[in-house]
Amino acid sequence: MSDQIAASGAPQDPFVSDAALKPAFFEWLCRMGDNALVLGHRTSEWCGHGPVLEEDIALANTALDLIGHTQMWLGLAGEVEDEGRDADKLAYLRDAFKFRNVLLVELPKGDMAVTVMREFLFDAYHHLLLSWLAENSNSPRVAEIAAKALKEVSYHLERASDLVVRLGDGTPESHRRMQDALDLLWPYTGEMFEGDALDTAVAEAGIAPQPEDLKADWEASVQEILDEATLKAPETAGFFHKGGKQGRHTEHLGYILAEMQFLQRAYPGASW
Amino acid sequence: MSKKEWPLWEVFISGQHGLNHRHVGSLHAPDAEMAINHARDVYTRRKEGVSIWVVPSKEITASSPSEKGPLFDPAESKTYRHPTFFDIPEEVGKM
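Conventions we followed
Residues numbered from 1 in each chain as written. Chains lettered and ligands numbered in written order. Predicted model: local features only at pLDDT ≥ 70, side-chain atom pairs only at ≥ 80, totals over all residues. Heavy atoms only, no water. Helix = DSSP H or I, 4+ residues; strand = E, 2+ residues; numbered from the N terminus. Rg over C-alpha atoms; globule rule 2.2 N^0.38 Å. Buried < 20%, exposed > 50% of the residue type's maximum accessible area, 1.4 Å probe, protein only. Contact = heavy atoms within 4.5 Å. Buried area = accessible area lost by both parts, 1.4 Å probe. Salt bridge = Lys/Arg side-chain N within 4 Å of Asp/Glu carboxyl O. Polar contact = N/O pair within 3.5 Å; in protein donor to acceptor, adjacent residues only side chain to side chain. Nonpolar A, V, L, I, M, F, W, Y, C, P; charged D, E, K, R; others polar. pLDDT = per-residue confidence, 0-100. Core = buried A, V, L, I, M, F, W, Y, C linked by side-chain atoms within 4.5 Å. Patch = residues over 30% accessible without salt bridge, like charges linked within 9 Å, V, L, I, M, F, W, Y side chains within 5 Å. Areas by Shrake-Rupley, 256 points an atom, 1.4 Å probe, with all protein chains shown as cover. Axes fitted to C-alpha atoms, helices over the stretch in contact; angles between N-to-C directions. Parallel < 35°, antiparallel > 145°, perpendicular 65-115°, else oblique. Pairing = 2+ DSSP bridges. Expected span 1.5 Å × (residues − 1).

Some points on the overall build of chain A
- Check the secondary structure of chain A and you find 10 helices and zero strands.
- Traced from its N-terminal end to its C-terminal end, chain A shows the element sequence α-α-α-α-α-α-α-α-α-α.
- Its C-alpha atoms give chain A a radius of gyration of 18 Å, near enough to 19 Å, the size a compact globule of 272 residues would have.
- The principal-axis extents of the C-alpha atoms in chain A amount to approximately 55 × 40 × 35 Å.
- With 272 residues in all, chain A has 53% of them scored as buried.
- A sequence separation of at least 24 residues applies to 82% of the contacts in chain A between residues at least 6 apart.

What follows is the structure, given as structure tokens:
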């Protein structure tokens, strides 16, 4: 209900019909939407498989929140593109090389340590980004979506941080698994802070921050939790995996899409 | 199976400021802080609450069903104990 009210009463936003900015703005919105969509799908893979009932429900809630964000970001992306594609069409009918999510979110869910650590590393970034957008974005539509998503992501970050500390500073087994997860995922975090020409175009319009500008705050807040969790980020000598934002993905994304898109591909337009 | 279970907690939720906390169910959690988080995820998904209490289930002492008679029967058919004869002004609100 409130979603419908928000949609019909959406604020005027000159950027939505700005022809010069369109290619960059559309791609940037896809990056926002695809990060939420792919992480949401990965998180949903725990549904019915959680280690305890309570965690199972918490993870399913998180996944649903992220899919909700996807609808808003990709919905706006479709409006900006103005070629008749809505959020569903963008989610279900694009191929892997058209997806713009960072590689971090498409890696397999692994064990609970990988799931929790990934959520934490991404949430810390997601929270900073959404806070910036909600407060500073020149685009009223972007600010509105960010403010809505931020409420949920604040809880995601709080929950994930709490679990990282508990498991990192837990038993020898949980500590080992969390450190392994951190070693595995850390080399994928750099991509979140590496801007390209497209980021610059959107930043110059005042819609979003330069990704680099979030890095120092992210490192500080992540370091604080890792210290408390007695975990140590690996040395990477500046090397990071990247490419997802430009559509160059790991082999894992294809498998996600095969599962996620099967129904719409096999039965176009199917609904219930 | 020697899997160690987390302790059980009883969850109470107040749906509105000033209203009593009502028992809504129970859940497992390793400590109080996580019990609150779990309660938030399990019991307040549809905006049911503004406040959550959690209590370790083992701390609750229950009356015994076999003593039902002596405990409750004496109160039967004493309608005069119900304060139904007072008019409560509307401005008082929820009581």
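Now, onward.
Things to note about the interface of chain B and chain A
- On the chain A side, the residues contacting the 14 residues of chain B number 13 residues.
- For the pairing of chain B and chain A, the buried interface totals around 1,200 Å² over both sides, and the portion due to carbon and sulfur atoms is 48%.
- Counting every contact that joins chain B to chain A gives two salt bridges.
- Here arginine 166 of chain A makes a salt bridge to glutamate 33 of chain B, at a shortest N to O gap of 3.6 Å.
- Taken together, the links from chain B to chain A amount to seven residue pairs in polar contact (both at pLDDT 80 or more).
- Within the residue set of the side of chain B that touches chain A, elements represented by two or more residues are β2 (22-28) and α1 (32-43) of chain B.
- The element contributing the most residues to the side of chain B that touches chain A is α1 of chain B, with seven residues.
- Counted by class, the side of chain B that touches chain A contains five nonpolar, three polar and six charged residues.

Some details on the confidence of the model for chain B
- Summary statistics for chain B give a mean pLDDT of 86 and a share of 96% for residues scoring 70 or more.
- Scoring of the predicted complex yields 0.87 for pTM and 0.71 for ipTM.

Re the confidence of the model for chain A
- The predicted model of chain A averages 95 in pLDDT, with 97% of residues at 70 or higher.
- Across residues 1-6 of chain A, confidence stays below pLDDT 50; counting only partners more than four residues off in sequence or on other chains, it has three contacts.

Concerning the nonpolar core
All names here are of chain A.
- With 90 residues, the main nonpolar core has Trp28, Trp73, Met117, Phe120 and Leu133 as its most contacted residues.
- With 13 residues, helix α5 (residues 112-136) is the single largest residue contributor to this core.
- Not counting residues up to four positions away in its chain, the partners in contact with phenylalanine 120 are Leu157, Ala160, Ser161, Val164, Val222, Ile225 and Leu226.

Notes on the side chain of glutamate 119 of chain A
- The residue glutamate 119 of chain A is located in helix α5 in this model.
- Excluding its chain neighbours within four sequence positions, the residues that come into contact with glutamate 119 of chain A are Leu59, Thr62, His156, Arg159 and Ala160 of chain A.

Let's talk about a nonpolar patch on the surface
- Judged by side-chain polarity, Phe262, Leu263, Tyr267 and Trp272 of chain A come together as a nonpolar surface patch covering roughly 590 Å² of accessible area.
- Topologically, tryptophan 272 of chain A is positioned in the segment after α10 (252-266).

Thoughts on the packing of helix α6 (residues 140-168) of chain A against helix α7 (residues 172-185) of chain A
Residue and element names in this part refer to chain A.
- One way to put it is that α6 packs onto α7 with a least axis distance of 7 Å and a crossing angle of 125°. Between α6 and α7, the interaxial angle falls into the category oblique. Within the contact between the two elements, α6 uses Val164, Leu167 and Gly168 and α7 uses Ser174, His175 and Met178.
- Split into classes, the residues belonging to the contact of α6 with α7 amount to three nonpolar, three polar and no charged.

Quick notes on the pairing of strand β1 (residues 8-14) of chain B
Residues and elements named next belong to chain B.
- A large share of β1 lies buried, amounting to six of its seven residues.
- For β1 and β2, the ladder comprises six bridges, and the chain directions are antiparallel. The partner of tryptophan 9 across the bridge, within β2, is leucine 27.
- Examined bridge by bridge, β1 and strand β3 (residues 51-56) share six bridges and lie antiparallel to one another. In the sheet register, phenylalanine 12 faces β3, and the bridge partner there is tryptophan 53.

Some remarks on helix α3 (residues 53-81) of chain A
- Across its 29 residues, α3 of chain A extends 42 Å between first and last C-alpha, which sits within 8% of the 42 Å expected from 1.5 Å per residue.
- Within two residues after α3 of chain A, aspartate 82 of chain A carries a phi angle of roughly 60°, on the positive side.

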